[in-house]
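One letter stands for each residue in the lines below.
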Amino acid sequence: MTPTLPTPRESRAVLAALMAGVMILFSLWVVRPFLPATIWAMTIGITTWPLLLRI
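Rules used in this analysis
Residues numbered from 1 in each chain as written. Predicted model: local features only at pLDDT ≥ 70, side-chain atom pairs only at ≥ 80, totals over all residues. Heavy atoms only, no water. Helix = DSSP H or I, 4+ residues; strand = E, 2+ residues; numbered from the N terminus. Rg over C-alpha atoms; globule rule 2.2 N^0.38 Å. Buried < 20%, exposed > 50% of the residue type's maximum accessible area, 1.4 Å probe, protein only. Areas by Shrake-Rupley, 256 points an atom, 1.4 Å probe, with all protein chains shown as cover. Patch = residues over 30% accessible without salt bridge, like charges linked within 9 Å, V, L, I, M, F, W, Y side chains within 5 Å. Salt bridge = Lys/Arg side-chain N within 4 Å of Asp/Glu carboxyl O.

A.B. asks: Help me out: how do you make sense of the overall build of the protein in this one?
C.D. replies: Scanning the protein from terminus to terminus reveals two helices and zero strands. The globule rule puts the C-alpha radius of gyration for 55 residues at 10 Å, and the 23 Å found for the protein is more than 25% above it. Considering the protein as a whole, with its 55 residues, one finds that 0% of them fall into the buried category. When the accessible surface of the protein is totalled, it reaches about 5,600 Å², and 78% of it is carbon and sulfur.

A.B. asks: How do you make sense of a nonpolar patch on the surface when you look at a structure like this?
C.D. replies: A grouping of Phe26, Trp29, Val30, Val31, Leu35 and Ile39 is seen on the molecular surface, where their side chains present a nonpolar patch of about 620 Å² in accessible area. Where the nonpolar patch is concerned, the elements lending two or more residues are α1 (8-31) and α2 (35-54). Here the nonpolar patch gets four residues from one element, more than from any other, and that element is α1. Residue position: Val31 is located in helix α1.

Geometry only, nothing functional implied.
If you want it as structure tokens, here you go:
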């Protein structure tokens, strides 16, 4: 069995998946400094929600 070259469609699909993965990694890298504040804000919002409903 001889190896065949990938078709342009296969190459494009692999490159698209690779670029999507790189974009996800870079977006997580940008969001990383804001995660602690976001988690803290969500914790405060969720725990005070019943109090807000009573008011």
